[in-house]
Amino acid sequence: MDTKNVNIEETWFDELKDEFTKEYFVKLKNFLLEEKKNHVIYPPGSQIFSAFNLTPFNKIKVVILGQDPYHGPGQAHGLCFSVPQGVRIPPSLVNIYKELKSDIGFSIPESGNLESWAKQGIFLLNATLTVRANTAGSHQKKGWEIFTDTVIKTISDKHENIVFVLWGNYAAAKEKLINSSKHHILKAAHPSPLSAYNGFLGCKHFSKINNYLIEKGIEPIQW
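On a predicted model such as this, the values are computed, not experimentally measured, just so you know.

Participant: What is the right way to read the overall build of the protein from this model?
Facilitator: Along its length, the protein carries eight helices and six strands. Along the protein, helices (α) and strands (β) appear in the sequence α-α-β-α-β-α-α-β-β-α-β-α-β-α when read from the amino end. Scaling as 2.2 N^0.38, a compact globule of 223 residues should have a C-alpha radius of gyration of about 17 Å, and the protein matches this with 17 Å. Per-residue burial for the protein yields a buried fraction of 53% across its 223 residues. Within the protein, counting contacts between residues at least 6 apart in sequence, those at least 24 apart form 67% of the total. When the accessible surface of the protein is totalled, it reaches about 10,600 Å², and 49% of it is carbon and sulfur.

This is the structure:
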């Protein structure tokens, strides 16, 4: 990943170009180059910025925050909670689909690929954009969180009427970056099997998202 030629969509590059030359990002890039010499890194380099490339800055309607990419082979492709076509649907996404079904009568698909959401303006952002294979959390506190906090704050500052979806304590801690007077914040437990029954299942966030968008004259999401 070259800081002079980051593989990121043009409207995002315009907003974030100053970040790519800052000291923390240069250190992060060097860390990743060293990691790749000895370890497999997920997602593949071309997909690190998939969330940005599928949801341009000027098309965002909803932000869903995750923490870390999946660390199993073939799972991570740059969108939080999503896996490529043909990969087994992970437990958290199983619960997301369950909630969609009970909330809006959603038909549960066989695929866990959420690219269709991203293309409709749902920005599926992980706080950390890379991970070492089979080692959860291995790229935390290396600089990605500085970058993604800047991303969240930039969205908050330069947009209005965005729905920010914060599932779990980690995501909820990002609320301080968001101007709640001009955006809509939805919070619930994390959809993982460990916590989904403590306030995620039954949260009705998907109907709430669309109700808010419709109220603001914004095209709702086709889940």
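Participant: Sorry if this is basic, but what is going on with the pairing of strand S3 (residues 122–126) here?
Facilitator: Among the five residues that make up S3, five are buried, leaving the element largely enclosed by the rest of the structure. Burial along S3 is two-sided: the residues Ile122, Leu124 and Asn126 and Phe123 and Leu125 are all buried. Two strands pair when backbone bridges link them, and strand S2 (residues 62–66) and S3 are joined in this way by five bridges, in the parallel orientation. Across the sheet, residue valine 63 finds its bridge partner in S3, namely phenylalanine 123.

Participant: Mind showing me how you'd approach the nonpolar core here?
Facilitator: In a soluble, globular protein the nonpolar side chains are often hidden away together inside. Core analysis: the largest hydrophobic core is formed by 66 residues, its most contacted members being Phe52 and Phe147. When neighbours within four sequence positions are excluded, phenylalanine 52 is seen to be in contact with Ile8, Glu9, Trp12, Leu16, Phe123, Leu125, Leu129, Phe147 and Val151.

Participant: Honestly, the environment of glutamine 140 in this entry has me stumped. Any pointers?
Facilitator: Within the secondary structure, glutamine 140 sits in the loop between strand S4 (131–132) and helix H6 (144–158). Taking C-alpha positions, glutamine 140 is 6.2 Å from threonine 128, a pair spaced 12 residues apart along the chain. What glutamine 140 contacts, discounting residues up to four positions off in sequence, is Gln67, Asp68, Thr128 and Glu145.

Participant: Got a minute to help me understand the environment of asparagine 179 in this structure?
Facilitator: With respect to the helices, strands and loops of the structure, asparagine 179 is situated in the loop between helix H7 (168–172) and strand S6 (184–188). With a relative accessible area of 32%, asparagine 179 lands in the partly exposed category. Put simply, asparagine 179 and aspartate 157 are 22 residues apart on the chain and 7.4 Å apart in space, counted from C-alpha to C-alpha.

Participant: Please explain unusual backbone geometry as it appears in this structure.
Facilitator: A negative phi holds for most residues other than glycine; trans holds for most peptide bonds. Omega for the bond connecting tyrosine 42 with proline 43 falls within 30 degrees of zero, at -10°, which places this linkage in the cis form. One non-glycine residue, lysine 141, adopts positive backbone phi at about 60°. Along the chain, lysine 141 falls in the loop between S4 and H6.

Participant: Explain the side chain of glutamate 19 here, please?
Facilitator: Within the element layout of this structure, glutamate 19 appears in the loop between helix H1 (10–16) and helix H2 (23–38). Every residue in contact with glutamate 19, bar those within four places of it in the chain, is listed here: Tyr24, Phe25, Phe147 and Thr150.

Participant: Would you take a moment to explain the packing of helix H4 (residues 91–104) against helix H8 (residues 205–215) for this structure?
Facilitator: For any two helices packed against each other, the geometry is given by the interaxial angle and the distance between the axes. The contact between H4 and H8 brings their axes to 8 Å, and the two run at 60°. Relative to H8, the element H4 lies oblique. Residue-level inspection shows Ile96, Glu99, Leu100, Asp103 and Ile104 of H4 in contact with H8, the latter providing His205, Phe206 and Ser207. Its residues placed into classes, the contact of H4 with H8 shows four nonpolar, two polar and two charged.

Conventions adopted
Residues numbered from 1 in each chain as written. Predicted model: local features only at pLDDT ≥ 70, side-chain atom pairs only at ≥ 80, totals over all residues. Heavy atoms only, no water. Helix = DSSP H or I, 4+ residues; strand = E, 2+ residues; numbered from the N terminus. Rg over C-alpha atoms; globule rule 2.2 N^0.38 Å. Buried < 20%, exposed > 50% of the residue type's maximum accessible area, 1.4 Å probe, protein only. Contact = heavy atoms within 4.5 Å. Areas by Shrake-Rupley, 256 points an atom, 1.4 Å probe, with all protein chains shown as cover. Pairing = 2+ DSSP bridges. Core = buried A, V, L, I, M, F, W, Y, C linked by side-chain atoms within 4.5 Å. Axes fitted to C-alpha atoms, helices over the stretch in contact; angles between N-to-C directions. Parallel < 35°, antiparallel > 145°, perpendicular 65-115°, else oblique. Nonpolar A, V, L, I, M, F, W, Y, C, P; charged D, E, K, R; others polar.

Interpretation note: all reported values are geometric properties and have no functional meaning in isolation.
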